[in-house]
Amino acid sequence: MTEHVEWSEPEAAATTASAAITPADAADAARLVAFGLQPKLQPARDQQYGELLRRYREDPPFARLADAVAAGLGLVVLEVSPRAGMAVTAAEDSVFAVRMGDYARRTSADAGDRFLHGLAHLAVATLAFPRPEDLADDGYIGRVSVNGVDAFVRQACRRLEERAEAQGENTDPATDAPGLEAAWRIWVRRSATGATKDARRLAGSTTGIIAKAVAFLTDSGFLQRTGDDNGGTYRTTARYQLQVRDMAGSAAMAELLELGVVPVTDGTATLLPAEDTDDLELVADAGLPFHS
């Protein structure tokens, strides 16, 4: 009798373990990941979403199952919480990955625009969270505007040009060269709004490119539009903070911050209108989810 119990206990444990995960559990885990792929969906406004989030936090086997479903889809789970929902980002080899080249080609076939679109997203992220503590504080909300981002990039371009001249570098445009040094040259040559008589914002202008970037981020649940001033004003969401936190170690983002263009004061990141002059100055407190 004793031998029978000793022999059957491992078998019983294995049976119990296999029974712990059911097809219904797998369906619920996949459903939670599907909710996470709807970035505008708020857990507080969907009862089933909220229940699945609670189960994820309270049921470790279910959480591991949901993580495995996400991983199988090429997704990285950034956070699972009531504030952010199931926040996921696409790994480079995921079918859900959006590549900057594809994103830029939706607007223009100009290869140089790839740099401009990338720099626009980089500038939005840098202005939204100018300090490391802003990214670390879950309660921090960054605020940006289209005109403010353009003013920031143009000021950064001036710093880069000054640095290039000081180092005796060639300042002739080189649109096919990688990095910020090429991007600023392209940005400076591009009109801020366009060449129409009424100065309407054209899609290929720098503010047009920024507007496309923030519209994409809004559609992706990373930003929320708050007004029409300064070309459009926006506030960050918890998902965007997690996304920027994930990319904060990028060399390009660090380079922009090191230029000293972003003023660091009390962290309110309130944007004021940029002056309509040839010498744009970023006012005090002016305040990317792609694979290359």
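Here the structure is a predicted model, which means the values were calculated and not measured. (Residues numbered from 1 in each chain as written. Predicted model: local features only at pLDDT ≥ 70, side-chain atom pairs only at ≥ 80, totals over all residues. Heavy atoms only, no water.)

Describing the sheet that holds strand β4 (residues 223–227)
To keep things clear, this is the line we draw: Any two strands between which DSSP finds at least two bridges are classified as paired. We count a stretch as a helix when DSSP gives it H or I for four or more residues in a row; a strand needs E for two or more, and each element gets its number in order from the N terminus. Lines fitted to the C-alpha atoms define the axes, with helices restricted to the stretch that makes contact. Angles between their N-to-C directions range from 0 to 180 degrees. In this analysis, two residues are considered to be in contact whenever any of their non-hydrogen atoms come within 4.5 Å of each other.
Spatially, β3-β5-β4 is the arrangement adopted by the three strands of the open sheet, whose pairing is antiparallel. Two strands in the sheet have a free side with no partner beyond their single neighbour: β3 (143–145) and β4. Pairwise comparison of adjacent strand axes, ignoring direction, gives a mean angle of 35° for this sheet. Here β4 runs beside strand β5 (residues 233–236); their pairing, made up of four bridges, is antiparallel. Pairing of Gly227 across the sheet is with Thr233, part of β5. Helix-sheet contacts for helix α10 (residues 206–219) involve β4 and β5, and the interaxial angle to β4 is about 115°.

Let's talk about the environment of Ser81
Rules: A simple rule labels every residue: compare its accessible area, found with a 1.4 Å probe on the protein chains alone, to the largest value its type can have, and call it buried under 20%, exposed over 50%, or partly exposed in between. Polar contacts, as used here, are pairs of N or O atoms within 3.5 Å; protein pairs need one atom able to donate a hydrogen and one able to accept it. Residues neighboring in sequence count only if both atoms are side-chain atoms.
Considering the arrangement of structural elements, one finds Ser81 in strand β1 (residues 75–81). Here Ser81 falls in the buried class, since its relative accessible area comes to 10%. In sequence terms Ser81 and Arg57 are 24 residues apart; their C-alpha atoms lie 8.1 Å from each other. Of note is the side chain of Ser81, whose polar atom sits 3.3 Å from the backbone nitrogen of Ala84.

Notes on the packing of aromatic side chains
The test is simple: Two aromatic rings from Phe, Tyr or Trp, using only the six-membered ring of Trp, form a pair when their centres are within 6.5 Å; if the ring planes differ by under 30 degrees the pair is stacked, by over 60 it is edge-to-face, and anything between is tilted.
Using the criterion set out here, one finds four aromatic pairs in the structure. Arranged with centres 5.9 Å apart and planes meeting at 50°, the rings of Phe129 and Tyr140 form a pair that is tilted. Taken together, the positions of Phe129 in the loop between α6 (112–128) and α7 (132–136) and Tyr140 in the loop between α7 and β3 put the pair 11 residues apart, joining distant regions of the chain. Residue class for Tyr140 comes out buried when judged on its relative accessible area of 11%. Both rings, one in Phe129 and one in Tyr240, keep their centres 6.0 Å apart while their planes meet at 50°; by these two values the pair is tilted. In this pair, Phe129 is assigned in the loop between α6 and α7 and Tyr240 in helix α11 (residues 238–247), connecting sequence segments 111 residues apart.

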